[in-house]
Amino acid sequence: MAMTMTQKILAAHAGLSHVEAGQLIKARLDLVLANDITGPVAINEFYKAGFETVDKNARITLVMDHFAPNKDIKSAESCKKCRSFAKRFDLEHFYDVGEMGIEHALIPEKGLIAPGETAIGADSHTCTYGALGAFSTGVGSTDMAAAMATGEGWFKVPSAIKVNLRGEMGKYVSGKDVILHLIGMIGVDGALYKSLEFSGEGLKNLTMSDRLTISNMAIEAGAKNGIFPVDEITIEYMKDRCNRKWQAFSADSDASYDRVIDIDLASVPCTVSYPHLPENTHPASEGGDIEIDQVVIGSCTNGNIEDMAAAAEILKGRRIKKGLRAIVIPATPKIYMECIDRGYTKIFMEAGCIVSTPTCGPCLGGHMGILASGERCVSTTNRNFVGRMGHTESEVYLASPAVAAASAITGHISHPKEVEII
Amino acid sequence: MKAQGNAIKYGNNVDTDVIIPARYLATQDVKELASHCMEDLDKSFVSRVKDGDIMVAGQNFGCGSSREHAPIAIKASGISCVIAKSFARIFYRNSINIGLAILECDEAAENINEGDEVSVDFDTGVIENLTKGESYKAAPFPEFIKNMIDKGGLMNSIKEGR
Ligand code: SF4
């Protein structure tokens, strides 16, 4: 029986020649991840169950990114718990303030995940690494605790939706617009329990940064994972990052899919998701009436150097609207340094933005840019649920870095071409 | 195993951010989590929920973040079972892993009204609406998952497996 790409990776890690959709399996894990919110819960479970050792065949990774640098005493205690766990079990991959970046940007950057590998993370956006052709999915803290002890996880083998991409994106359009557009088409539960498998000749026009953003938001369509085939762009990205031997898997040509969706990349507009669901998409060019108070550029979705470049290109030599706050957050220390080297930090600050150290911060309403009642924010993050970034009567509009930067200049939701003349 | 209580009903796409807002995630104290359960969707939930009550919702319940604090808060608030048309997948597995009973049943989610008295038999998957005198049938759990629930969740089941 033919298998999808995801099914092939799962079969190989379960030691089976074949798996099919719906089958429950145990699979070996290459990466097991948690952060400063989910890690402490996992650690409590681990101790409660009486485990004394961790299985180091999986790369156990803890990243202190959500409420760090610690925003209050409780979050300081949470990080302390992770720190002492990492020390006790001598974990190589523990990332604390100074080394830490937002987990889903840090892990690919450091080569901690490679094509054909499996990853679970006690964080829903663990699906990001599908961009590299890996199987990766979000789980909860108890799964994480079990995986730290055994190096394995249980899975129901997913069926898949195939997303065929063709053509080339227009000016100012990026991976963020593609994934928002797709979520707008199929809805926030459009891929529930399933894999999104991207394919088609349009893939060659998507950079790794675009792909990471697209896979990152697969969860926002309810998907278990969102995966890309391994091609030249993947191979180039993995060079110098990872010296493990990795294996590329590809879907059988006769694999069966629940549904096939065709997207012509040229037809994807700059897209904005209005409150309070990512599926509530509108073209950015129609948002002129919506005045905003804050802009956030960063997060695991859009905190890469390419995202910073897109924002810098628009903000260069311009000023953000008076009275508006703009917060730029490069996702990792390396990206932060690169922003300095390339002069982006200066561009951002001269435009009136602040540039923060890497943190999740405002993305989940943690710190560094919480909204008051009635305030609106255009954000390059991934969720716009009620209260996500602060008060339950505040509003989050999801967009690309280019749209967010343009909106910061005009003070309302804007297509980037609107600022070309300013 | 059975559960019985009054229904507390919500709509589609109830996300984990409203079940337990991120501003409370710095704690792992279950009582404290429970005291903020559903706060951003329904401020009155905490004061009106009684032990054994059953939460009923539409599609994609528990979508959003992987925070296990969400099923933990619901369980600690006294809810004995969540019935929905469908669950977001991470919420689904977290609930099983921590032992919060959840059932998918379109008919029950459609017909049970706020306040109805409901009883659930987990062995048969039969849901009875005592107020309306109706009964609905949920799909039973697959064997693998039933075993895990019988052993008291994921951690116990892997310990036994060693
Ligand atoms: S940046 Fe936002 S979505 Fe990404 S890991 Fe952090 S809190 Fe989660």
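Residues numbered from 1 in each chain as written. Chains lettered and ligands numbered in written order. Predicted model: local features only at pLDDT ≥ 70, side-chain atom pairs only at ≥ 80, totals over all residues. Heavy atoms only, no water.

### Overview of the site of the ligand
Around the ligand there are 13 residues in total, and A:His125, A:Cys300, A:Cys360, A:Cys363 and A:Asn382 lie nearest to it. Taken together, the residues of the shell around the ligand sort by class into five nonpolar, five polar and three charged. (Near = heavy atom within 4 Å. Nonpolar A, V, L, I, M, F, W, Y, C, P; charged D, E, K, R; others polar.)

### A word on the nonpolar core
Judged by nonpolar contacts, the single largest core of 192 residues is most densely connected at A:Leu196, A:Phe348, B:Phe61 and B:Ile74. Counting residues per element, this core draws most heavily on helix α12 (residues 401-410) of chain A, which supplies seven residues. In this view, A:Phe348 contacts A:Met308, A:Ala311, A:Ala312, A:Leu315, A:Val328, A:Cys353 and A:Val355; residues no more than four positions away in its chain are not counted. Among the nonpolar cores identified, the runner-up in size contains 18 residues, and B:Cys81, B:Cys105, B:Ala108 and B:Val120 belong to it. (Core = buried A, V, L, I, M, F, W, Y, C linked by side-chain atoms within 4.5 Å. Buried < 20%, exposed > 50% of the residue type's maximum accessible area, 1.4 Å probe, protein only. Helix = DSSP H or I, 4+ residues; strand = E, 2+ residues; numbered from the N terminus. Contact = heavy atoms within 4.5 Å.)

### So, the pattern of salt bridges
Where charged atoms from two side chains of opposite charge approach closely, those side chains can pair. For the structure shown, the criterion picks out 29 salt bridges over all chains. A salt bridge links A:Arg342 to A:Glu338; the nearest nitrogen and oxygen atoms lie 3.1 Å apart. Note on A:Arg342: relative accessible area 41%, which makes it partly exposed. B:Asp17 is the salt-bridge partner of A:Arg388, the closest N and O atoms lying 2.9 Å from each other. Of this pair, A:Arg388 sits in the loop between β17 (376-379) and β18 (395-398) while B:Asp17 is found in helix α1 (residues 16-19), placing the two residues in two different chains. Since its relative accessible area comes to 5%, A:Arg388 is described here as buried. (Salt bridge = Lys/Arg side-chain N within 4 Å of Asp/Glu carboxyl O.)

### What about the domain arrangement of chain A?
Reports of interface size often rely on the accessible area that becomes lost once the parts have come together. All names here are of chain A. Here chain A is partitioned into domain 1 (7-156), domain 2 (158-241 + 251-268) and domain 3 (271-417). Using only C-alpha atoms to locate each centre, domain 1 and domain 3 end up separated by 28 Å. Carbon and sulfur atoms make up 67% of the surface buried where domain 1 meets domain 3, a total of about 1400 Å² over both sides. In this assembly, domain 1 and domain 3 are joined by zero salt bridges. Residue classes in the side of domain 1 that touches domain 3 are distributed as eight nonpolar, six polar and four charged. (Domains from an automatic or database assignment. Buried area = accessible area lost by both parts, 1.4 Å probe.)

### A closer look at unusual backbone geometry
Across the junction of A:Ala68 and A:Pro69, the peptide omega takes the value -10 degrees, indicating a cis bond. In this fold, A:Pro69 is placed in the loop between β3 (59-63) and α3 (73-88). Following A:Pro275, the chain continues into A:His276 via a peptide bond in cis, with omega recorded as -5 degrees. At B:Met38, a residue that is not glycine, the phi angle is positive and equals roughly 65 degrees. Note on placement: B:Met38 falls in the loop between α2 (30-34) and α3 (45-48). The phi dihedral of B:Asn60 falls on the positive side, at around 60 degrees, and the residue is not glycine. Along the chain, B:Asn60 turns up in the loop between β2 (54-57) and α4 (69-76).

### Here's the deal with helix α11 (residues 344-351) of chain A
Residues and elements named next belong to chain A. Every buried residue of α11 is accounted for by Tyr344, Thr345, Ile347, Phe348 and Ala351. Along the long axis of α11, the arc covered by the buried residues comes to 160 degrees, so they all point the same way. Seen from the open side of α11, the exposed residues pointing more than 90 degrees away from its buried face are Lys346 and Met349. Contact partners of the buried residues in α11: α9 (305-315), β15 (325-328), α10 (333-341) and β16 (354-355). Of the residues one or two after α11, Gly352 is the one with positive phi, at around 105 degrees. (Arc of directions from axis to C-beta.)

### Some points on the packing of α9(A) against α11(A)
All names here are of chain A. Running from N to C, α9 and α11 cross one another at 45 degrees; their axes reach a closest spacing of 9 Å. As the angle between them shows, α9 and α11 are arranged oblique. The crossing of α9 and α11 is left-handed. Two secondary-structure elements touch here, α9 through Ile305, Met308, Ala309, Ala311, Ala312 and Leu315 and α11 through Tyr344, Ile347, Phe348 and Ala351. Looking at the contact of α9 with α11 residue by residue, the classes come out as 10 nonpolar, no polar and no charged. (Axes fitted to C-alpha atoms, helices over the stretch in contact; angles between N-to-C directions. Parallel < 35°, antiparallel > 145°, perpendicular 65-115°, else oblique. Left-handed = near helix turned anticlockwise from the far one by under 90°.)

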